[in-house]
Amino acid sequence: MRTRTWAPYALIAPTLLLMAVFLVYPIASVGWFSLRQHTVTQPWKNGFIGFENFRRMLFDDPLFWQSLVFSAKWVFVEVGLQLVLGLILALIVNETFIGRAVARSLVFSPWAVSGVLTTGIWILLYNPSTGVFQQLAQWGIGDPGTSVLGDPATVFPATVVTELWRGVPFFAILLLADLQTIPNDLYEAASVDGAGRWRRFISVTLPHLRDAIVLSTLLRAVWEFNNVDLIYTLTGGGPANQTTTLPLYVARKAVDSHDFGYGSALTMAGFVILLFFSILYLRLSKFGSRA
Amino acid sequence: MTQTLTRPETIVPPPPAPPRRKKHRDPSRFFRLHLPLVLYLLFTLIPFYWMLVFALRPAGETALVPWPITFEHFDTVWNGIGFGLFFQNSLIIALGTLVTVTVFALMGGYALARFKFRGQRVFLLALLCTQFIPGAMMLIPLFVIFKSAGLLNSLTGLIIADTAFQLPLALILMSGFVRNVPVELEEAAMVDGCSRLRAFFAVTLPQLRPALVAVGSFAFIGAWNNFLFALMFASKQDKFTLPVGLSYALGEFNTDFGALAAGGVVAAVPVVLVFAVVQRFLVQGLSAGAVKG
Amino acid sequence: MRTLLVALALVLSACSAGQDGPTTITFWDNNGGPGRTPIYQELIKRFEAANPDIKVEYVGIPSSSVQQKYDTAIAGGSTPDVGGVTTSYLAHLVGQDALEPADDRVEGGPLKGKLLSGLLETVRQTAPDGKLYAVPASGNLDVIWYRSDRFAEARISEPSTWDDLVKAATQLTKPAENQYGFTIRGGAGSVFQLLSEAYSYSGIEKFYDGGKSTVSDPRNAELVRKVAELYKKATPEADVNNSYTQMVAQFTGGTVAMMHHNLGSTADVMKALGPERVSAMPLPKGPSGKRTVVPNPTDGFAVFKGSKNRDAAWKFVEFLTSAESNGYWNEKVGQIPANTDVRGAEWIQKNPAVKMALGVLEDPATVIVPAPVYLPEYSSITKTDTEPLYQKVLLGQMSAQEFLDQLAAKLTTAQQEWEKRK
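Residues numbered from 1 in each chain as written. Chains lettered and ligands numbered in written order. Predicted model: local features only at pLDDT ≥ 70, side-chain atom pairs only at ≥ 80, totals over all residues.

1. Brief notes about the overall build of chain C
Helix and strand counts for chain C come out as 19 helices and 14 strands. Against the globule reference of 22 Å for 422 residues, chain C gives a C-alpha radius of gyration of 23 Å, in line with a compact fold. Summarising its shape, the C-alpha atoms of chain C cover approximately 70 × 50 × 50 Å along the three principal directions. Looking at chain C as a whole, 55% of its 422 residues qualify as buried. Pairs at least 24 apart in sequence give 76% of the contacts found in chain C among residues at least 6 apart. (Helix = DSSP H or I, 4+ residues; strand = E, 2+ residues; numbered from the N terminus. Rg over C-alpha atoms; globule rule 2.2 N^0.38 Å. Buried ≥ 20, exposed ≤ 12 C-beta atoms within 10 Å, placed from the backbone. Contact = placed C-beta atoms within 7 Å.)

2. Examining the overall build of chain B
Helices and strands together make up the secondary structure of chain B, namely twelve helices and zero strands. Traced from its N-terminal end to its C-terminal end, chain B shows the element sequence α-α-α-α-α-α-α-α-α-α-α-α. Counting only residues that meet the buried cut, chain B has 54% of its 293 residues in that class. Nonlocal contacts in chain B, meaning residues at least 24 apart in sequence, comprise 76% of its contacts between residues at least 6 apart.

3. Here's the deal with the UniProt feature "transmembrane region" (unreviewed entry) in chain B
On the UniProt side, "transmembrane region" (unreviewed entry) is annotated at positions that read residues 30-52, 91-113, 122-146, 158-178, 211-234 and 257-278 of chain B here. Secondary structure across residues 257-278 of chain B divides into 100% helix and 0% strand, with the first and last C-alpha atoms of the span separated by 31 Å. (UniProt positions renumbered as here; feature names shortened; annotations may be inferred.)

4. What about the UniProt feature "domain: ABC transmembrane type-1" (unreviewed entry) in chain B?
Residues given the UniProt feature "domain: ABC transmembrane type-1" (unreviewed entry) here are residues 87-278 of chain B. Across residues 87-278 of chain B one finds 77% helix and 0% strand; the C-alpha atoms that close the span lie 20 Å apart.

5. Considering the nonpolar core
Membership of the largest hydrophobic core comes to 175 residues, with the highest contact counts inside it found for A172 and L175 of chain A together with A170 and M174 of chain B. Beyond its immediate stretch of four places on either side in the chain, L175 of chain A contacts G86, L87, A90, L209 and A212 of chain A. (Core = buried A, V, L, I, M, F, W, Y, C linked by C-beta atoms within 7 Å.)

6. Quick notes on the interface of chain B and chain A
Listed as interface residues are 93 residues of chain B and, on the opposing side, 91 residues of chain A. Mapped onto the side of chain B that touches chain A, the elements with two or more residues apiece are helix 1 (28-56), helix 3 (83-114), helix 4 (120-129), helix 5 (135-148), helix 6 (155-180), helix 9 (209-224), helix 11 (242-247) and helix 12 (257-278) of chain B. Its residues placed into classes, the side of chain B that touches chain A shows 67 nonpolar, 21 polar and five charged. (Nonpolar A, V, L, I, M, F, W, Y, C, P; charged D, E, K, R; others polar.)

7. Focus: the sheet that holds strand 13 (residues 336-337) of chain C
All names here are of chain C. In spatial order, the strands read 2-1-3-12-4-13; together these six strands make up an open sheet with mixed pairing. The open sheet has two edge strands with one neighbour each: strand 2 (54-60) and strand 13. Direction of pairing for strand 4 (residues 135-139) relative to strand 13: antiparallel, over a ladder of two bridges. What sits directly across from S138, in strand 13, is P337. (Pairing = 2+ DSSP bridges.)

8. Re the interface of chain C and chain A
With 33 residues of chain C in contact, the opposing surface of chain A contributes 31 residues. Secondary structure elements with two or more residues in the side of chain C that touches chain A: helix 3 (66-76), helix 4 (87-95), helix 11 (244-252), helix 17 (378-385) and helix 18 (387-394) of chain C. Considering only residue class, the side of chain C that touches chain A consists of eleven nonpolar, 17 polar and five charged.

9. Here's the deal with the pairing of strand 2 of chain C
All names here are of chain C. One ladder, built from seven bridges, connects strand 1 (residues 23-29) with strand 2; its direction is parallel. Bridge pairing in strand 2 links D29 to G60. With helix 2 (residues 37-50) bridging strand 1 and its parallel neighbour strand 2, the resulting β-α-β unit is right-handed. (Right-handed = clockwise from strand over helix to strand, strands pointing away.)

10. Describing the domain arrangement of chain C
Residue and element names in this part refer to chain C. Assigned domains within chain C: domain 1 (20-140 + 297-363) and domain 2 (142-294 + 375-421). If you average the C-alpha positions of domain 1 and of domain 2, the two centres end up 28 Å apart. Elements with a minimum of two residues in the side of domain 1 that touches domain 2: helix 4 and helix 16 (352-362). Top contributing element to the side of domain 1 that touches domain 2 by residue count: helix 16, with six residues. (Domains from an automatic or database assignment.)

11. Details of the packing of helix 9 (residues 197-225) of chain A against helix 6 of chain B
Where helix 9 of chain A meets helix 6 of chain B, the axes come as close as 10 Å, and the angle between the chain directions of the two elements is 170°. Judged by the angle between their axes, helix 9 of chain A and helix 6 of chain B are roughly antiparallel. Where helix 9 of chain A approaches helix 6 of chain B, its residues D211, A212, L215 and L219 of chain A are matched on the opposing element by L169, I172, L173, G176 and R179 of chain B. (Axes fitted to C-alpha atoms, helices over the stretch in contact; angles between N-to-C directions. Parallel < 35°, antiparallel > 145°, perpendicular 65-115°, else oblique.)

12. So, the sheet that holds strand 6 (residues 180-183) of chain C
All names here are of chain C. Strand order across the open sheet formed by four strands is 6-9-5-10, with mixed pairing between neighbours. Two strands bound the open sheet, and with one partner strand each, they are strand 6 and strand 10 (278-282). Strand-to-strand, the axes of this sheet are offset by a mean angle of 25°, without reference to chain direction. In this fold helix 16 packs onto strand 5 (142-147) and strand 10, with an angle of close to 5° to the strand it touches most, strand 10.

13. Considering the confidence of the model for chain B
Residues and elements named next belong to chain B. Counting all residues, the mean pLDDT for chain B is 82, and 87% of those residues have values of 70 or more. Residue range residues 1-23 is modelled with pLDDT below 50. Its contacts to residues more than four positions away, or to other chains, number 30 contacts. Taken together, the stretch residues 285-293 has pLDDT below 50 and engages in 14 contacts with residues farther than four places along the chain or on a different chain. (pLDDT = per-residue confidence, 0-100.)

14. Considering unusual backbone geometry
For the bond from W67 of chain B to P68 of chain B, the omega torsion is -5°, close enough to zero to count as cis. Looking at the element boundaries, P68 of chain B is found in the loop between helix 1 and helix 2 (72-80). One non-glycine residue, A240 of chain A, lies in positive phi territory at about 50°. Within the element layout of this structure, A240 of chain A appears in the loop between helix 10 (229-234) and helix 11 (246-256). Its 22 C-beta neighbours within 10 Å are what place A240 of chain A among the buried residues.

15. Here's the deal with the confidence of the model for chain C
All names here are of chain C. Per-residue pLDDT for chain C averages 90, and the proportion of residues at 70 or more is 95%. With pLDDT under 50 throughout, residues 8-19 is counted as low confidence; its partners more than four residues away or in other chains account for eight contacts. Predicted complex, confidence summary: ipTM 0.87, pTM 0.88.

16. Side note on the pairing of strand 5 of chain C
Residues and elements named next belong to chain C. Extensive coverage of strand 5 is indicated by the burial of five of its six residues. Sheet analysis places strand 5 next to strand 9 (residues 256-262), joined by five bridges and oriented antiparallel. Each bridged residue has a counterpart across the sheet, and for W145 the counterpart in strand 9 is M259. Both strand 5 and strand 10 contribute to a ladder of five bridges, which runs antiparallel. Following the sheet pairing, Y146 is matched in strand 10 by S279.

17. Here we look at the environment of A188 of chain B
All names here are of chain B. Here A188 shows up in helix 7 (residues 183-191). For A188, a count of 16 C-beta atoms within 10 Å corresponds to the partly exposed category. Put simply, A188 and G84 are 104 residues apart on the chain and 51 Å apart in space, counted from C-alpha to C-alpha.

18. Notes on the environment of T62 of chain B
Turning to its location among the elements, T62 of chain B is positioned in the loop between helix 1 and helix 2. Residue T62 of chain B is classed as partly exposed on the basis of its C-beta count, with 14 C-beta atoms lying within 10 Å. A C-alpha to C-alpha distance of 21 Å links T62 of chain B and T44 of chain B, two positions 18 residues apart in sequence. With near-sequence residues (within four places) excluded, T62 of chain B lies in contact with T130 of chain A together with G253 of chain C.

19. A closer look at helix 17 of chain C
Since one α-helical turn is 3.6 residues long, residues separated by three or four positions face the same way. With seven of eight residues buried, helix 17 of chain C lies mostly within the body of the structure. Burial in helix 17 of chain C covers these residues: Y378, S379, S380, I381, T382, K383 and T384 of chain C. In the core, the buried residues of helix 17 of chain C are packed alongside helix 11 of chain A together with helix 4, helix 9 (190-202), helix 18 and helix 19 (400-421) of chain C.

Structure representation (structure tokens):
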């Protein structure tokens, strides 16, 4: 489309301005602090130390690597499952059936629940004395006192399920909205060509949703990577650091331990990883290149 | 999967004039539709039920179906914690954020989708970059900015903060939606003599209704639930919001689960209801052919 | 946008500048919520009635975020006039040079000689210069809450030693009925509690001996091992990730018969179970027979250096810690009043837990073993660094001695550094 050059810039101006005022300086300051020893409770030690924080992180801190590996696992599992379940859910509630409006608002509703509340609810639900497993045990299913958050074998799935509860609707809503923009005649044409339901899904629905899927998975991956609250309140990163993600580790270092310099360095590491991942992901998925 | 006799309306909503709606029973529909839906509904609703039970049950009891129910927890959160005012603040902030985010995202998203301009990729990456750093790490510099701009302790300040943080995500999503609206429609309208702006309002915007609902509700919910900014950029009791009120239930030595659950009901029910109303706009019967060229 | 912001700023500052009437001071409650907010509101009402020229603006901060709130406010230069603080993070605030010393105000005012010396000492210890940076308002004590009804039913008497407690815990455990004898705090705050358990058992009277931490003493390790052995045998499996929230929920929900927490949970425990089913006892003793107590953080009020109305601020602090207010407050929350004039109050006689706690603290045979909360790294060492290690001990991935050795090494280094700066 022919463009007059000023138009797009005028349109993104408010966004640029907000970003310039409220985001550039804070992000730059994190970068600056990552080069400093900065512990608010020990101000006499503060000062510029170059890349010492990064050296310590890369070579002296096994927990950094451990948390990074767990972050990757968390993001992969969480986003993968949210996408698949969200897509299925979107397809289901896109069908016509009695009570669809009610069903839709119900399955979407966890998305409306805040982080504080989600963890609050699931702590009650998982609680071995007042939770759902205690109830099941009373009905003879499972053992009393089952604690999914206390058992190293179940703590990961239990946390994943909690985040799924709130995260699946995100994908479902987005994909459902996108499903609406598929012109009906595409399906009709495919039907005329004798394509079955599955073929139509593969050859019409999925390609149409591609950009939406690429975008939402990327955004969600970034979001899940930085998701601290849920794991922090649910498991505190335990038992024995098993569920510590990188941002959770950042929070423990920078907020709880006041080691702001090192926390900033860890944050910068996360920043670089996400940046690299995003570029790679957009390249590989050839985002926006569709005719 | 090898079925050949399928009805198109099982995948997409029926076109305006429903064709061949045959009333034949399709057993696969149960496994394809009803069973997974019921299972998923259970997964969604059990936690809500648990919350409701804790909100209505006297502390210390364990009955699965509490009777008689009590409203003492609601009394605690509404009168003891002052949820009324928090509710009002949250609503103002969330609505304000909804409007600013949606408008700016629509503008920016349109620019990203419809124009090729210098710095486009950098802009997209910059948008993403803003999401790479947890809010907690930016708190102090943000606080300083807000203080010097006189935005502490004000709902306007919180709307601006929430907008700044929600906008990048909303804009990216919106650009994807705009891209999905065939540009030919708009061009056709322009050929008919519409200005670009008129073409946008007349042709593209109506098609974006589901997108506006999705992006708008994300912004609303993000602001409605923001805890960190609400607590850190306000130091006045009458400027706090629902998430701050909720975290009051988690004390230093004691957790009031009843109050947490009752507060949760108060915080969640309105949003769920609003969702119930707007979700129908997520569906739009418009197909490309419906627009007269 | 920028001009808009500036314009907005002008409007806002114009609004806040026009206060000619009474002086307004802000007060941050460090544990805001349904339990405490109404108590403060009542006290503020009384204060304002007595001092019509001062208005107090109450702000309740959720306790889980209070440190972050203070840190942000200090860095941004927007501190309150008066803030509730506890000694567990007082050192951080002092380290950031945010607080006004209270020594002169206390010595030269109505509070002189009225505050429990043990609590004053605890507060003073948190500052490197030994000054008093907060006026203590209430003390807390670690206690074992236990189900007196289950003990009576099983004909077990209140355990006075750790070995008795271990035995009782095992006896009261019936996994099939989802009943356990004890609950371990394995999650957030675990090491803090574990240390008070360890010292109550070992009878070691000092945290440091010749500059070296005594934490790794084999007698302490013995206790850690004993407690860890109870895990899953006499405690719920969930305990490894327990913060106090889950612990209290298990106790009030009837799953466990004994819980180590503190007086802070009085209201919850009493509300759920009632005085006929639950009692409090001090932490048991070890083989030495000595009563050694690691004090729980002390709650108090601090005036911030940034305050523009310090006189009014101090007046409010003095009011809050006066016998009448202090008594009212502690009666409501069930903690130990710092003001000695409250000691004879009737409500203390009616509150067995507080009476018991006062008895322990007043007993001349009790040895107080203060934890080095004055170390800037203390909370980072005992929380971030070692809480995950304790979970390893519980899960059988690390020995108790190895765990304490690591903890002691860190505490020793931090102490040496601190001595050097002092």
